[in-house]
Amino acid sequence: MVDYHAANNQHSAGGAQTYMEQENDWDRDLLLDPAWEKQQRKTFTAWCNSHLRKAGTQIENIEEDFRDGLKLMLLLEVISGERLPKPERGKMRVHKINNVNKALDFIASKGVKLVSIGAEEIVDGNAKMTLGMIWTIILRFAIQDISVEETSAKEGLLLWCQRKTAPYKNVNVQNFHISWKDGLAFNALIHRHRPELIDYDKLRKDDPVTNLNNAFEVAEKYLDIPKMLDAEDIVGTLRPDEKAIMTYVSCFYHAFSGAQKAETAANRICKVLAVNQENEHLMEDYEKLASDLLEWIRRTIPWLENRAPEKTMAEMQQKLEDFRDYRRVHKPPKVQEKCQLEINFNTLQTKLRLSNRPAFMPSEGRMVSDINGAWHALEGAEKGYEEWLLNEIRRLERLDHLAEKFRQKAAIHESWTDGKEAMLTQKDYETASLSEVKALLRKHEAFESDLAAHQDRVEQIAAIAQELNELDYYDSPSVNARCQNICQQWDVLGSLTQSRKESLERTEKQLESIDELYLEYAKRAAPFNNWIEGAMEDLQDMFIVHNIEEIQGLITAHEQFKSTLPEANKERKAIQDIQAEVQKIAQYNGIKLSGTNPYTTITPESIDSKWEQAQLLVPQRDQALQEELSKQQSNDHLRRKFATQANIVGPWIQTKMEEIGRISIEMNGTLEDQLTNLREYEQSIIDYKPNIDQLEGDHQLIQEALIFDNKYTAYTMEHLRVGWEQLLTTIARTINEIENQILTRDAKGISQEQLHEYRASFNHFDKTLGDGERGAKRDHSGALMAEEFKACLISLGYDVENDKQGDAEFARIMGIVDPNNSGAVTFQAFIDFMSRETTDTDTADQVIASFKILAGDKNFITAEELRRELPPDQAEYCIARMAPYTGPDGAPGALDYMSFSTALYGESDL
């Protein structure tokens, strides 16, 4: 319904006062005409109820229901929109008179002169006075402010009816009584504004009852105008009551006069909603792209953080190859997606600022900072994973070497101990001669010497097994079982050795002959045999080196070993001479030898055989060391090749990063020229990509050669990759900033000269940071600190000097350009502020006012009204997002357009 009070405030009361006074001087005796009184009673009652229903009440008898003054005061509050003094709730006559007086005082305060209408008459139920009072209210709040071409009130309403019905046949509106009897004028008014509701050509002038009923029913059903008269009352009266007709027609005026306002309001809402829908699509695209990227990072980090070791070198090499595929194939597209996401985010924020919308806040966990944090975590996991892979490969190399060494030493020891238990447990001395016993005793002493010599090997075997356990060797159980068997057997041998010695010493008292020569042979042969076996182990020992210095150290040690061979050969010959001397003495003395030395199992033949094997192993060791030296020299060449290229690429990337920083501050020309130059500069950087690819190839050769360090350069491939990615991202961000400036310039109508002026002012205060005693320093940070920004504003004429008023104004401006309180103002925020100062945009209050017009001045709106006034898609958009209206004046299906409008501009939650 129309807000008559709001309409009253738009006109002065002076011009209408004369008409009001004239109308108040009506011929009151006419009210005695029963037909007119009946028409006024019905019309005025319906008019009052059309307003009282907004407050959830109505009247049945116009002179009875207003007697206590309560509903009269409520009626005035509804049609005026103002609060009247609190009514008195008592039932006494004085309370009723006081309430009616409050209502009459309010009417008088609106410039209405009440003639012969007193509170006592209303309280007494005087129908004549009550109808006169209601007519006065209708004149003041429904008719007085009607204005058409400098005519107002009754004349204005009549002129409006004449203009609207002029094209229609059989309609000639000259007054508010006879001209309306046939009902065609009512139908013409409806058809002029809502032609779809009435088929005017089918109406007949000679059927006034049908015409009137048709108009009244259509108005009540589609225009929210209650039925105020019966067709029979109008047709059956020679001259219908003028006041009843005027009251009825004024409702049509107010219903149709807002049509143009509704259309304008609908257009404004459509425009606002279209912008909002586009922004929502951009937000949804950002959310999806951010979710996909974060989900990829979420899936990738656990894979990079997986530290489950493999058992073999081949399995670990496969993991390393998978990691290389990730770096070459899977990660680069995600780097591009991350950069595009930041560009989309900046573009969306620029569009929101240009449409006076609040900044886009992505859902929790999907901010650009969250994505950067997740990306940082990904790169941290990536770096840690690569280091772990390399360390694990070194560990497996070490484990393979130790395991092979354990097997060799264990095999040699087991071979040595084979048969020793049987030898130590035999009872051969019980039937031996004295010389044989002495020989057995000496043999046992030699065995003890041999046993002691093997103690070091047993300790080495146990130490290697312990180290394999500490390094988590996958076959540790079998190693531990074998080591346990060796140690247990060693303890048994020690016990048996002691037991046999005691037996021989008991027998020694009886058998004292001894072959001193054999004994000397045995004593010298045993250590030599241990030495030659140890030398053979060393010559066959595996080695792992990582640089030239280490292999050269092994070569030097091997040369030192070879220098000891002549002295060892002398010892071998001396031992052989002892055996030759035995043979000579035996032959000379005719002694029949058993064929073996009773004190040792080491024969001259075995010594010669081992010596010959050692002589063959020496050149093999020489060849292996020389091959490893060649390999390390090749690795050193790969290091130098990579370092030479890296030492070129690294400084180039750093130089380009510095150039971009200078270009973003010192750019001249139009924005389009700057954009073209930046894109050409970006292409020159992309053209450098083959140098990066070449470096990746060299790096892959280094990794395949298992080279873990490079003393010729401080650059690693990881550092160069990060620098290259940062370079591409920086130039893309700089291009995006220029694109956003072009978008801002075109949307806000900023001239190129204004942008140059803004850039010059910004760069001036960005370049120079005044510091009093220290003098001026170059800044070039790309952003203005608070004091720099204040100086810039002062130079542009803003009153933000250091006083109370200036500080308050500066604080207000900082709240606009730096809503996050970072303490710095970017150039984009600066030009957004400068453009906002000179342009006009939609506001939440304007949208609320537009919705209120569509809602017929109600505090809520219905789905039916939205579908009637707005295009279908935007009507459904509003219906889906508007919250239910919860006010006391609400109706079923009422929607809250106020909270919806404020949410569009970020003043509440949508």
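Reading the values: rules and limits
- Residues numbered from 1 in each chain as written.
- Predicted model: local features only at pLDDT ≥ 70, side-chain atom pairs only at ≥ 80, totals over all residues.
- Heavy atoms only, no water.
- Helix = DSSP H or I, 4+ residues; strand = E, 2+ residues; numbered from the N terminus.
- Contact = heavy atoms within 4.5 Å.
- Areas by Shrake-Rupley, 256 points an atom, 1.4 Å probe, with all protein chains shown as cover.
- Phe/Tyr/Trp six-rings, centres within 6.5 Å; stacked < 30°, edge-to-face > 60°.
- Buried < 20%, exposed > 50% of the residue type's maximum accessible area, 1.4 Å probe, protein only.
- Lys NZ or Arg CZ within 6 Å of the ring centre and 35° of its normal.
- pLDDT = per-residue confidence, 0-100.
- 1 Å grid on protein atoms, 1.4 Å probe; cavity = no way out; pocket = protein on both sides within 12 Å on 5 of 7 lines; lining within 4 Å.
- Points joined across faces, edges and corners; volume = space filled by probe spheres on them.
- Nonpolar A, V, L, I, M, F, W, Y, C, P; charged D, E, K, R; others polar.
- Axes fitted to C-alpha atoms, helices over the stretch in contact; angles between N-to-C directions.
- Parallel < 35°, antiparallel > 145°, perpendicular 65-115°, else oblique.
- Left-handed = near helix turned anticlockwise from the far one by under 90°.
- Salt bridge = Lys/Arg side-chain N within 4 Å of Asp/Glu carboxyl O.
- Core = buried A, V, L, I, M, F, W, Y, C linked by side-chain atoms within 4.5 Å.

Chemist: Teacher, can you tell me more about the overall build of the protein chain here?
Modeler: Looking only at helices and strands, the protein chain has 33 helices and eight strands in total. The contacts in the protein chain between residues at least 6 apart in sequence include a share of 74% that link residues at least 24 apart. Of the roughly 45,400 Å² that the protein chain leaves accessible, carbon and sulfur atoms contribute 50%.

Chemist: Sorry if this is basic, but what is going on with the packing of aromatic side chains here?
Modeler: Aromatic ring pairs are reported here in terms of the distance separating the ring centres and the angle at which the planes meet. By the definition in use, this model includes 23 aromatic pairs. Relative to W180, the ring of F176 lies with its centre 6.3 Å away and its plane at 5 degrees, an arrangement referred to as stacked. Its relative accessible area of 1% is what places F176 among the buried residues. Chaining the aromatic ring pairs together yields one cluster made of F176, W180, F186, F216, Y248, F252 and F256. Here the guanidinium or amino end of K420 rests over the ring plane of W416, the centre of that ring lying 4.8 Å away. In this structure, K790 packs its charged tip against the face of F810, placed 4.9 Å from the ring centre.

Chemist: Hey, could you run me through the confidence of the model for the protein chain in this one?
Modeler: Reading predicted coordinates in detail is not appropriate for stretches of low pLDDT. For the protein chain, per-residue confidence averages 80 on the pLDDT scale, and 88% of positions sit at 70 or higher. Mean pLDDT across the elements of the protein chain bottoms out in helix α1 (residues 4-8) (33) and peaks in helix α9 (residues 184-193) (93). Long-range and interchain partners of residues 1-32, a stretch whose pLDDT sits below 50, account for 60 contacts in this model, where long-range means more than four residues apart.

Chemist: Whenever I open this one, empty space enclosed by the protein confuses me. Can you help?
Modeler: Using a probe with the size of a water molecule, rolled over the atoms, empty space left in the structure can be pinpointed. Per the stated rule, a full pass over the model turns up three cavities of 30 Å³ or more. Together, G669, L671, Q674, I738, Q741, Q752, L755, H756, R759 and F827 line the largest cavity. Sort the elements by how many residues they give to the lining of the largest cavity and helix α26 (residues 752-767) lands first, with four residues. Split by residue class, the lining of the largest cavity holds four nonpolar, five polar and one charged. Every residue lining the second largest cavity is listed: M423, L440, K443, H444, F447 and R500. Ranked by residues supplied to the lining of the second largest cavity, first place goes to helix α17 (residues 434-470) with four residues. Classifying every residue of the lining of the second largest cavity by side-chain character gives three nonpolar, one polar and two charged.

Chemist: Looking at this model, I keep getting lost on the packing of helix α27 (residues 786-795) against helix α28 (residues 804-817). Mind explaining?
Modeler: Helix packing geometry: the angle between the two helix axes and the distance between the axes. Packing of α27 against α28 leaves a shortest axis separation of 11 Å and a crossing angle of 110 degrees. The angle between α27 and α28 places the two elements in the roughly perpendicular class. Of the two elements, α27 crosses α28, and the hand of that crossing is right-handed. Residues A786, F789, K790 and L793 of α27 form the contact with α28, whose own contacting residues are D807, F810, I813, M814 and V817. For the contact of α27 with α28, the residue count by class is seven nonpolar, no polar and two charged.

Chemist: Can you help me understand unusual backbone geometry in this one?
Modeler: Most peptide bonds are trans, and most residues other than glycine sit at a negative phi. A positive phi is found at N170, a non-glycine position, where the angle reads about 65 degrees. Relative to the helices and strands, N170 is located in the loop between α8 (153-165) and α9. When its relative accessible area of 46% is taken as the criterion, N170 is described as partly exposed. Of note, N821 is a non-glycine position whose phi angle comes to about 55 degrees, a positive value. Position of N821 among the secondary structure elements: in the loop between α28 and β6 (824-826).

Chemist: Looking at this model, I keep getting lost on the pattern of salt bridges. Mind explaining?
Modeler: When the charged atoms of two side chains lie near each other, side chains of opposite charge can form a pair. Tallying each qualifying case throughout the model produces 52 salt bridges. As a salt-bridge pair, D608 and R572 come within 2.9 Å of each other at their nearest N and O atoms. Taken together, the residues span a long stretch of sequence, with D608 in helix α22 (residues 604-666) and R572 in helix α21 (residues 565-589) at a distance of 36 residues. Here the residues in one salt-bridge network are D636, R639, R640 and D709, joined through shared partners.

Chemist: How should the environment of D538 be read in this particular structure?
Modeler: On the secondary structure map, D538 appears in helix α19 (residues 516-540). For D538, a relative accessible area of 52% corresponds to the exposed category. Through-space distance from the C-alpha of D538 to that of R621 is 9.5 Å; in sequence the pair is 83 residues apart.

Chemist: Just checking my understanding: could you explain the nonpolar core for this structure?
Modeler: Counting 79 residues, the largest nonpolar core has I137, W180, F186, I190 and F252 as its most contacted members. With eleven residues, helix α7 (residues 127-143) is the largest single contributor of residues to this core. What I137 contacts, discounting residues up to four positions off in sequence, is W47, L72, L76, I79, I107 and A142. Residues L784, F789, A829 and F833 belong to the second largest nonpolar core, which totals 47 residues.

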